[in-house]
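Chain residues, written in single-letter form:
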Amino acid sequence: MNPPVIARTIDHAAQAAAMEKYMAEGEERAHALGNRGPIRFAGDGALHPDIVEAYWRCGFYVFEGVLKADELADLERDLKDIMSRFPVAKGEEVDAQGRKAIGVGQQAPSLFWSKPLADPFGGTAAANGRHPVKMYEPEAAKDAPEEIVYLMLGTLQHSEAALRLYGHPEVLKMVSAINGQDFTPFNEALFIKEPGLGASVAWHRDGVTHWDDPEWDQGTHGFNCMAQLYGCTPANGLWVVPGTHKLRQIDIAAMVEAAGTDRLPEAVPLVAKPGDLAITNRQVVHGSFANNSKDWRVTFNFGFHRRKSVLNVEAGGIHNARAVYDDARIRRRSRMIGYAIDARRQRFPDETPFVYKPHAEAGEIWTWDDKAKLDVFDYNLEDLSI
Ligand SMILES: O=C(O)CCC(=O)C(=O)O
């Protein structure tokens, strides 16, 4: 038997008009939330209570002006270097200059490819099926490449600027205020949303463990820091459904069904300028549309957990192989924080470096040198995904 062929025509012009209206309205809602501003600490060193309140109310916060011009220039130089080292095409082993390409010879997950403006995960069983609905896929230009890299994992081994950002003292102080002084790493990712090409990331929330844990709460799955190299707009940035990080159960497919579109009516865009750094709760419903705009969006993404959310927990399967995250595993993965702090100290000697309490208590000293550079190869095999 041959199943019936259902011809589905997409009215791209109507979609584009609806999207424009949605973006304008979403931006207005985003600005009314009151969850943006510089990183501020109260007199006793705690994160300013207004920030803490707004973050937990919304599930995300945009810290303005965190990265200064010199750091942005370093990151941009490394981004260009990284992109020049991508394979010439999917499945190839060399870059455009004939060098061994990034990802070749690595065991750890590295590059993720997509057709231009497509949604590679939505509506598939990939990543534990956590992206239940396929997003709208605009038409890409006829001369667009067959496939593009839109995501790279394990960023810290490919970019010293990204490593130094990971050791940013004010950012780590903020992380420690939210996740506790014994916070742990999660993983690091580079999202590249190139104009007219960048893929969509379908609506999802990140956590895959702990949902039935009696001690579960709004912060159980930690959060991601999202540093913006070029800023982000409603057209190319992340969208978030505020408050959904507080819900144990949520049916994303039903939300899309009820809306009759992937333009979820309660969602707001994360709008940022170059150098802003947002934090996004991993339990909040979030996603991004294909970048059909004229603007680049490049996010240096790095996440952190509360120690109790990962210690002796068996997890994995999405970013790293399934394993029990015992104390030794967490300590080993946390060396990246030590290397980052030291790499940053070398580049920005006038800053006061962050002191990571677990290292201080254990008397561990991490030095960013030639030996360390070899030690970080494939470090993300030991990510702490939950
Ligand atoms: O930046 C994006 O477009 C997607 C980010 C995301 O889904 C995540 O960090 O979990």
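The structure reproduced in this document is the subject of the present report. (Residues numbered from 1 in each chain as written. Predicted model: local features only at pLDDT ≥ 70, side-chain atom pairs only at ≥ 80, totals over all residues.)

**Quick look at the overall build of the protein chain**
Then, number 1: Across its full length, the protein chain carries 12 helices and 14 strands.
Then, number 2: Against the globule reference of 21 Å for 386 residues, the protein chain gives a C-alpha radius of gyration of 20 Å, in line with a compact fold.
Then, number 3: Over its C-alpha atoms, taken along the principal directions, the protein chain stretches across nearly 65 × 50 × 45 Å.
Then, number 4: Of all 386 residues assigned to the protein chain, the portion counted as buried reaches 45%. (Helix = DSSP H or I, 4+ residues; strand = E, 2+ residues; numbered from the N terminus. Rg over C-alpha atoms; globule rule 2.2 N^0.38 Å. Buried ≥ 20, exposed ≤ 12 C-beta atoms within 10 Å, placed from the backbone.)

**A few points about the site of the ligand**
Then, number 1: Every residue lining the ligand is accounted for by Phe191, Val201, Asp206, Asn224, Leu238, His286, Ser288, Thr299 and Asn301.
Then, number 2: At the level of elements, strand E11 (285-288) and strand E12 (297-305) are the ones that each hand at least two residues to the shell around the ligand.
Then, number 3: Taken together, the residues of the shell around the ligand sort by class into 3 nonpolar, 5 polar and 1 charged. (Near = placed C-beta within 6 Å. Nonpolar A, V, L, I, M, F, W, Y, C, P; charged D, E, K, R; others polar.)

**Focus: the nonpolar core**
Then, number 1: Residues Tyr61, Val240, Leu270, Leu277 and Ala278 are the most contacted members of the largest nonpolar core, which totals 93 residues.
Then, number 2: Here Tyr61 is in contact with Asn35, Arg36, Ile51, Ala54, Tyr55, Ala278 and Ile279, once residues within four sequence places are set aside. (Core = buried A, V, L, I, M, F, W, Y, C linked by C-beta atoms within 7 Å. Contact = placed C-beta atoms within 7 Å.)

**Quick look at unusual backbone geometry**
Then, number 1: The backbone phi angle of Leu117 is positive, close to 60 degrees, even though this residue is not glycine.
Then, number 2: Tracing the backbone through its elements, the reader meets Leu117 in the loop between strand E3 (111-114) and helix H4 (126-129).
Then, number 3: Leu117 sits in the buried class, given 24 other C-beta atoms within 10 Å.
Then, number 4: We note that Asp378 has phi near 60 degrees; this positive angle belongs to a residue other than glycine.

**Side note on helix H10 (residues 335-347)**
Then, number 1: Between the first and last C-alpha of H10 there are 19 Å, a value that for 13 residues agrees with the 18 Å anticipated at 1.5 Å per step.
Then, number 2: Three or more residues of H10 are buried, namely Met336, Ile337, Tyr339, Ala340, Ile341, Ala343 and Arg344.
Then, number 3: In this fold, the buried residues of H10 make contact with helix H5 (160-166), strand E5 (184-193), helix H9 (327-333) and helix H12 (370-375). (Expected span 1.5 Å × (residues − 1).)

**Things to note about the pairing of E11**
Then, number 1: The alternating pattern of E11 places Val285 and Gly287 on one face and His286 and Ser288 on the opposite face, and all of these are buried.
Then, number 2: Examined bridge by bridge, strand E6 (residues 201-204) and E11 share 2 bridges and lie antiparallel to one another. Among the inter-strand pairings, His204 is bridged to a residue of E11, identified as His286.
Then, number 3: In this sheet, E11 lies alongside strand E8 (residues 238-241) in antiparallel orientation, the contact comprising 4 bridges. Among the inter-strand pairings, Leu238 is bridged to a residue of E11, identified as Ser288. (Pairing = 2+ DSSP bridges.)

**Re the environment of Leu197**
Then, number 1: Position of Leu197 relative to the elements: it lies in the loop between E5 and E6.
Then, number 2: When the C-alpha atoms of Leu197 and Val149 are compared, they prove to be 9.5 Å apart, with 48 residues separating the residues in sequence.

**Regarding the environment of Val62**
Then, number 1: Along the chain, Val62 falls in strand E2 (residues 60-63).
Then, number 2: Val62 sits in the buried class, given 24 other C-beta atoms within 10 Å.
Then, number 3: Separated by 27 residues in sequence, Val62 and Asn35 have C-alpha atoms that sit 6.4 Å apart.
Then, number 4: The residues touching Val62, leaving out its near neighbours within four places in the chain, are Asn35, Arg36, Leu270, Ala272, Asp276 and Ala278.

**Some words on the environment of Tyr339**
Then, number 1: Inspection of the secondary structure puts Tyr339 in helix H10.
Then, number 2: A C-alpha to C-alpha distance of 9.3 Å links Tyr339 and Tyr166, two positions 173 residues apart in sequence.
Then, number 3: Apart from residues lying up to four places away in sequence, Tyr339 is in contact with Leu163, Trp366, Trp368, Ala372 and Val376.

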